[in-house]
Amino acid sequence: MTIETRALRPIPLGLSLATFLAIMYLGCLAFALVVPDRGLHVAWSQVFPAFSWTWYGIVFGLVETAISGFVAGVIYAPIYNHFNGR
């Protein structure tokens, strides 16, 4: 039996991670609106220093999350490919 290894492509991986993290971010914001008294504002201010419950703060957090996911994917793929033997 042979195992075929495929190289990860950085751009699709980055876009996938950016989309996933953006969806998770919006889901967490929705949860924070449904259950407001769980102290999530402390976590948001630690992860996103410029976060505030304004449209600007929410959009800024969404963009920051998507960019972070994209950069993580673009950096991770070549590292994985290097150690995977490609």
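Preceding block: the structure.
Source: prediction; values computed, not measured.

**Student:** Describe the overall build of the protein chain, with residues and values.
**Tutor:** When helices and strands are tallied, the protein chain shows three helices and zero strands. Overall, the protein chain shows an N-to-C arrangement of helices and strands of α-α-α. Each of the 86 residues in the protein chain was classed as buried or not, and the buried ones make up 20%. In the protein chain, 69% of the contacts between residues at least 6 apart in sequence involve partners at least 24 apart. Accessible surface computed for the protein chain: about 6500 Å², of which carbon and sulfur atoms make up 71%.

**Student:** Got a sec to walk through the side chain of Thr65? Specific residues and values, please.
**Tutor:** With respect to the element layout, Thr65 can be found in helix H3 (residues 55-83). Judged by its relative accessible area of 9%, Thr65 falls in the buried class. Sequence-distant contacts of Thr65, defined by excluding residues within four places in its chain, comprise Leu21, Ala22, Tyr25 and Phe48.

**Student:** Go over H3 with me, naming the residues and quoting the values.
**Tutor:** Along its 29 residues, H3 runs 42 Å from first to last C-alpha, staying within 8% of the 42 Å computed at 1.5 Å per residue. Gly57, Ile58, Gly61, Thr65, Gly69, Gly73, Ala77 and Asn81 are the residues of H3 that are buried. Elements that come into contact with the buried residues of H3 comprise helix H1 (10-34). Just past H3, the residue Gly85 takes up positive phi, approximately 95°.

**Student:** Hey, could you go over the packing of H1 against H3 for me, with residue numbers and the actual values?
**Tutor:** Running from N to C, H1 and H3 cross one another at 150°; their axes reach a closest spacing of 7 Å. Considering only the axes of H1 and H3, their crossing is right-handed. Looking at the contact of H1 with H3 residue by residue, the class counts come to 20 nonpolar, six polar and no charged.

**Student:** Give me the lowdown on H1, citing residues and values where you can.
**Tutor:** The first and last C-alpha atoms of H1 sit 36 Å apart over 25 residues, in line with the 36 Å expected at 1.5 Å per residue. Every buried residue of H1 is listed here: Gly14, Ala18, Ala22, Tyr25, Leu29 and Ala32.

**Student:** Explain the environment of Gly73 residue by residue, including any values.
**Tutor:** As for its placement among the helices and strands, Gly73 is situated in helix H3. Take Gly73: its relative accessible area is 0%, and that puts it in the buried class. Residues Gly73 and Leu15, spaced 58 residues apart in sequence, show a C-alpha to C-alpha distance of 7.5 Å. If near-sequence neighbours (up to four positions away) are discounted, Gly73 is found in contact with Pro10, Leu13, Gly14 and Leu17.

Reading the values: rules and limits
The residue numbering used here restarts from 1 in each chain and proceeds along that chain's sequence as written. The predicted nature of this model means local features are confined to residues of pLDDT at least 70 and side-chain atom pairs, given and counted, to a pLDDT of 80 or more, with totals for whole chains, interfaces and linings taken over all residues. As a rule here, side-chain values cover all heavy atoms of the structure and leave hydrogens and water aside. Think of it this way: any DSSP run of H or I at least four residues long counts as a helix, any run of E at least two long counts as a strand, and we number them from the N terminus. Buried residues are those whose accessible area, probed at 1.4 Å on protein chains only, stays under 20% of the maximum for their type, while exposed residues exceed 50% and partly exposed ones sit between those limits. Should any heavy atoms of two residues lie within 4.5 Å, those residues are considered in contact. Here the Shrake-Rupley method, with its probe set to 1.4 Å, supplies the accessible areas, and only the displayed protein chains count as covering residues. Here the expected span of a helix is defined as 1.5 Å times the quantity of residues minus one. Note on geometry: axes are lines fitted to C-alpha atoms, helical ones only across the stretch in contact, with angles between N-to-C directions running from 0 to 180 degrees. Definitions for this section: a left-handed crossing has its near helix turned counterclockwise from the far helix by less than a right angle. A right-handed crossing has that turn clockwise. Charged residues are taken to be Asp, Glu, Lys and Arg, nonpolar residues to be Ala, Val, Leu, Ile, Met, Phe, Trp, Tyr, Cys and Pro, and polar residues to be all remaining types, Gly included.

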